[in-house]
Structure formats: structure tokens, C-alpha cells
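# Observations on the model geometry
These are the residues of each chain, in order.
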Amino acid sequence: MPIFVGAAQSSFMNKNQVGVGTTTTAGRDAGIGTATGAMTWNTSDSHLQVYDGTAWKKAAGDPIIATGGSTDTSGRSGYTVHTFTGSGAFTVTSGAGSVEYAFWGGGGGGSGHAGGGGGGAGGFRSGTLEVSPGPYTVTIGAGGAGGPTSSGVGGDPAGNSSLGPTIIAYGGGGGGDTSTAPGKDGGSGGGQGGANGNPAEYGYGYNPATPSPNLDPALQPLHPYPITQGYNGGESVQPVHTGGGGGGSGAVGGTASPTAGGTGGAGATTSVPGSSTQKGGGGGGGAHNPGKSGGPGGAGGGAAGDPQGPDSKAPSASANTASGGGGGGGTSGSAPSTGGDGGSGIMYIAYEN
């Protein structure tokens with residue numbers, strides 16, 4: 001007579017035979033009151049799994065052993081975590097199975113002119129990937145440079161980060177300054193410049209609400225719009241010339257106030273490296289007129305915007321580990337000052353050890 005185990009859909013246990021049930025991840029997790037020690041073959045990821053009383057764990061198969069980036073086995077119990085702050089390769093030397101990933105593109109530069117808009121944060125990607133022995137190319141996007149004090153330029157957009165050829169987090173858009181240089185589009189959009197009198201000329205982030213012509217249509221087949229990577233930049237305020245905050249990977253950039261630049265949008269949060277980690281905050285907007293303040297950077301590494309000031313580069317998002325794709329701050333200085341630079345991206349890859 002068959003004996004069903006855990007949330008199994010089918011199984012057998014006859015004389016001289018031992019078997020376990022098969023189910024998908026969804027079917028496995030739909031079980032009520034799963035007993036400690038229950039086992040099933042998970043057809044979603046082709047693993048034999050056992051319930052330890054708290055969670056389902058892989059019960060059989062060769063463990064993944066890999067190289068690349070910096071490696072940590074203590075930050076997340078039972079897992080090996082690889083952190084990449086520069087481009088390279090995640091190379092599986094033995095074993096096969098599923099890895100988790102979370103990463104950000106580089107952050108856009110803030111504008112350096114006329115109460116410039118804050119830089120948009122790098123787009124955020126997370127998910128799982130089935131791997132087997134061999135190398136997987138890792139690209140970490142560089143941050144965008146802060147814009148000059150000359151009119152109509154704005155901050156530079158940032159570089160994309162990617163895992164393999166098709167999993168891409170787009171770089172953040174640069175902050176804008178005037179109507180000839182609106183906030184740039186990207187993973188998250190740059191803030192609208194303080195001297196831009198047109199309505200809503202912030203940069204678009206990559207999410208389902210983004211009008212499709214605003215981002216490279218050649219990349220659409222890889223990442224259709226239902227995938228959200230980041231959010232729009234914020235609006236400026238006229239005629240006081242305070243710039244909008246750069247969009248974050250987790251929230252829109254803040255609209256400026258009559259007295260201060262907009263706050264950068266908050267970053268996205270992941271637990272792939274172990275503890276909850278927030279990165280990809282947008283840059284704060286700058287301020288042009290005397291007596292106004294720059295906006296705060298977005299939570300997750302966004303740099304603050306600056307008030308008007310001569311020869312003073314706006315704050316930059318720290319490269320790699322501190323910001324993970326944070327946007328640079330906007331300002332309104334005089335040559336040779338510039339807007340703040342965006343931070344480069346970062347990537348985490350984790351698997352059971």
C-alpha cells in the first residue's frame with residue numbers, strides 16, 4: 001500500500017522498495033503541518049529535499065564549489081556568499097544546482113549646474129539561476145561622472161551590471177539641469193534639473209510604467225517591462241531652482257521643495273548576503289539660489305545634494321561596497337566644480353554549502 005510522504009503528489013513504499021514523492025516547489029510549500037524528516041523530490045529544481053523542522057534543505061547531490069569575487073561562509077548560515085565589486089567570473093569548479101543572486105548597476109552622476117538633479121541609482125535584479133561546472137561572466141557597472149557647471153549637459157549615465165549575457169541590471173540615469181538636458185533614463189532615472197522650467201522632465205526608471213521608447217528597445221526581448229529594476233527621478237521647483245532627487249532602485253526620487261533639493265529615492269533590499277542589505281539609493285537634488293539646501297541622499301548609498309557654492313564638488317556615492325549603485329548628488333557650483341559621481345555596482349551570489 002503506498003505511503004505518502006510530506007507534500008508529495010505520488011510515492012511508493014513496497015516490499016524491497018523505497019521511494020519518496022515528487023512535487024513542485026509550490027506544491028511542497030502548500031503542505032500544512034509538514035513533519036520534520038519529510039522528504040520529496042522537487043521537480044522544480046531537480047533536488048531531493050528534506051524538511052528539518054524549519055525549512056526544506058537539499059538532501060542529496062554534489063555540493064556546489066565555486067570561485068570568484070570575495071567569499072564568505074559565516075555571514076549567512078549554511079551558505080557560501082560571493083561578493084563582486086569588480087568585473088570577473090563566477091566559476092563553478094564542481095557540483096551543480098541553484099544559486100541565488102542580487103545585484104545593482106552603477107549609479108548615475110549628479111548634475112553640476114543650476115541646482116542640478118540627483119543621479120539615478122543602478123537598476124536592481126534578483127532571482128535564482130541553475131548552474132553547472134564552468135565560468136559565468138560577471139560585469140560590474142561603473143558609476144557615472146558628475147556633470148560640469150556648463151549648461152545643458154547634466155550628469156553622466158552609469159554602466160550596466162550583468163550575470164552572464166542576459167541577466168542585466170541597467171545603469172542609473174544622470175541628473176538633469178536645464179530643459180535641454182532633462183534627467184536621463186536608466187535603471188533608475190535622474191532627477192529634473194533646477195533650471196528646467198518644463199514640467200516633469202525627470203528621467204524614467206525601468207519598470208512597467210515606463211513608456212517603452214524611453215529605454216533601448218533592442219534590450220526589450222531580454223527584459224520586458226513587467227520586470228521592475230528602478231524608479232523615476234523627482235521633479236524640480238521653479239523659480240527657486242531646486243533640483244529633483246534621483247530615482248532609487250526601490251522608490252521614486254523626491255520632488256524638490258521651495259527651500260531644498262529633493263531626496264533621493266530609497267534603494268532596494270535583499271537578504272541574499274545574509275542580513276538584510278539595502279543599496280541603490282538615488283542622489284539628492286542640488287540647489288541654485290542662495291539660502292537653499294541640497295536634498296538628502298536616498299537610503300542605500302545615495303549621495304546628498306549640495307547648495308550653491310563656488311568650486312565645490314557635490315558629494316559622490318562611495319564606490320562598490322558602501323553604495324552599490326548609489327546616485328551622485330546635484331549642485332550649482334562654479335568651474336571647476338562638478339556634480340557628484342555615482343557609485344559602481346555590486347553583486348552577491350549565494351548557494352548552500
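What counts, and where the lines are drawn
Residues numbered from 1 in each chain as written. Predicted model: local features only at pLDDT ≥ 70, side-chain atom pairs only at ≥ 80, totals over all residues. Heavy atoms only, no water. Helix = DSSP H or I, 4+ residues; strand = E, 2+ residues; numbered from the N terminus. Buried < 20%, exposed > 50% of the residue type's maximum accessible area, 1.4 Å probe, protein only. Contact = heavy atoms within 4.5 Å. Areas by Shrake-Rupley, 256 points an atom, 1.4 Å probe, with all protein chains shown as cover. pLDDT = per-residue confidence, 0-100. Pairing = 2+ DSSP bridges. Axes fitted to C-alpha atoms, helices over the stretch in contact; angles between N-to-C directions. Phe/Tyr/Trp six-rings, centres within 6.5 Å; stacked < 30°, edge-to-face > 60°. Lys NZ or Arg CZ within 6 Å of the ring centre and 35° of its normal. Lys, Arg positive; Asp, Glu negative; His and termini not counted. Salt bridge = Lys/Arg side-chain N within 4 Å of Asp/Glu carboxyl O. Polar contact = N/O pair within 3.5 Å; in protein donor to acceptor, adjacent residues only side chain to side chain. Core = buried A, V, L, I, M, F, W, Y, C linked by side-chain atoms within 4.5 Å.

## Things to note about the overall build of the protein
A tally of helices and strands in the protein yields one helix and 16 strands. Looking at the 353 residues of the protein, the share that counts as buried comes to 52%. The long-range fraction of contacts in the protein, counting pairs at least 24 apart against all pairs at least 6 apart in sequence, stands at 57%. Carbon together with sulfur atoms contributes 55% to the accessible area of the protein, which is approximately 13,500 Å² in total.

## Details of the confidence of the model for the protein
Averaged over the protein, the pLDDT score is 85; the fraction of residues at 70 or greater is 83%. Below a pLDDT of 50 lies the segment residues 1-13, which in the model reaches 30 contacts outside its immediate sequence neighbourhood of four places, other chains included.

## Re the sheet that holds strand 3 (residues 47-51)
Two pairing modes exist for strands in a sheet, parallel and antiparallel, and in both the strands are linked by backbone hydrogen bonds. Strand order in the open sheet formed by four strands is 1-2-3-4, with mixed pairing between adjacent strands. Looking along the sheet, the strands with just one partner apiece sit at the ends: strand 1 (21-23) and strand 4 (56-58). The mean angle between the axes of side-by-side strands here comes to 40 degrees, regardless of whether they run parallel or antiparallel.

## Quick notes on the packing of aromatic side chains
Applying the stated criterion across every chain yields a total of five aromatic pairs. Taking the centre distance of 5.9 Å and the plane angle of 45 degrees together, the rings of tyrosine 101 and phenylalanine 103 count as tilted. Each of the two residues, tyrosine 101 as well as phenylalanine 103, counts as buried. Taken together, a centroid distance of 6.0 Å and an interplanar angle of 75 degrees make the contact between tyrosine 202 and tyrosine 204 edge-to-face. For tyrosine 204, a relative accessible area of 24% gives the class partly exposed. In this arrangement the basic side chain of arginine 76 is found over the ring face of tyrosine 79, its NZ or CZ atom lying 3.7 Å from the centre.

## So, the environment of serine 257
Note that serine 257 resides in the loop between strand 13 (167-169) and strand 14 (268-270). Counting along the chain gives 16 residues from serine 257 to histidine 241, while the straight-line C-alpha distance between them is 9.6 Å. Other than its neighbours up to four places away in sequence, serine 257 contacts Val237, Val240 and Thr242.

## Some words on the pairing of strand 9 (residues 97-104)
Burial analysis of strand 9 places six of its eight residues in the buried class, the great majority of the element. Bridge analysis of strand 9 against strand 10 (residues 124-131) gives eight bridges, and the strand direction is antiparallel. Within the sheet, the bridge partner assigned to valine 99 lies in strand 10 and is leucine 129.

## Brief notes about the sheet that holds strand 7 (residues 79-84)
Taken in spatial order, the five strands make up an open sheet running 6-7-16-9-10, and their pairing is antiparallel. Edge strands, defined here as strands with exactly one partner in the open sheet, are strand 6 (70-72) and strand 10. The average angle at which neighbouring strand axes cross in this sheet is 20 degrees, direction not considered. The sheet contact formed by strand 6 and strand 7 spans three bridges and is antiparallel. Note that in strand 7 the partner of serine 70 across the bridge is threonine 83.

## Description of the pairing of strand 7
The element strand 7 is largely enclosed, with a buried count of six among its six residues. In this structure, the hairpin formed by strand 6 and strand 7 is closed by a connection of six residues, where glycine 78 is found at a positive phi of approximately 80 degrees.

## Things to note about the side chain of aspartate 177
Position of aspartate 177 among the secondary structure elements: in the loop between strand 13 and strand 14. An unpaired buried charge is present at aspartate 177: no salt bridge exists, and lysine 184, the closest side chain of opposite charge, is 7.4 Å distant. Among the polar contacts listed, one links the side chain of aspartate 177 to the backbone nitrogen of glycine 152, at a separation of 3.3 Å. Within the structure, the side chain of aspartate 177 is placed 3.4 Å from the backbone nitrogen of glycine 154, a separation counted as a polar contact. Setting aside residues up to four positions removed in sequence, aspartate 177 forms contacts with Ser111, His113, Ser150, Ser151, Gly152, Val153, Gly154, Gly193, Gly194, Ala195 and Asn196.

## Description of unusual backbone geometry
Keep in mind that most residues, glycine aside, have a negative phi and that most peptide bonds are trans. Following glutamine 238, the chain continues into proline 239 via a peptide bond in cis, with omega recorded as 0 degrees. As for its position among the elements, proline 239 is in the loop between strand 13 and strand 14.

## Observations concerning the nonpolar core
The tendency in soluble globular proteins is for nonpolar side chains to be buried side by side. Core analysis: the biggest nonpolar cluster contains 18 residues, and Phe90, Leu163, Met347 and Ile349 have the highest contact counts within it. Every element with two or more residues in this core is listed here: strand 8 (88-94), strand 9, strand 11 (134-139), strand 13 and strand 16 (346-352). The contact partners of methionine 347, leaving out residues within four places of it in the chain, are His82, Thr83, Phe84, Ala102, Phe103, Val138, Thr139, Ile140, Ser162 and Leu163. Tyr79, Ala102, Trp104 and Ala350 belong to the second largest nonpolar core, which has 10 residues in total.

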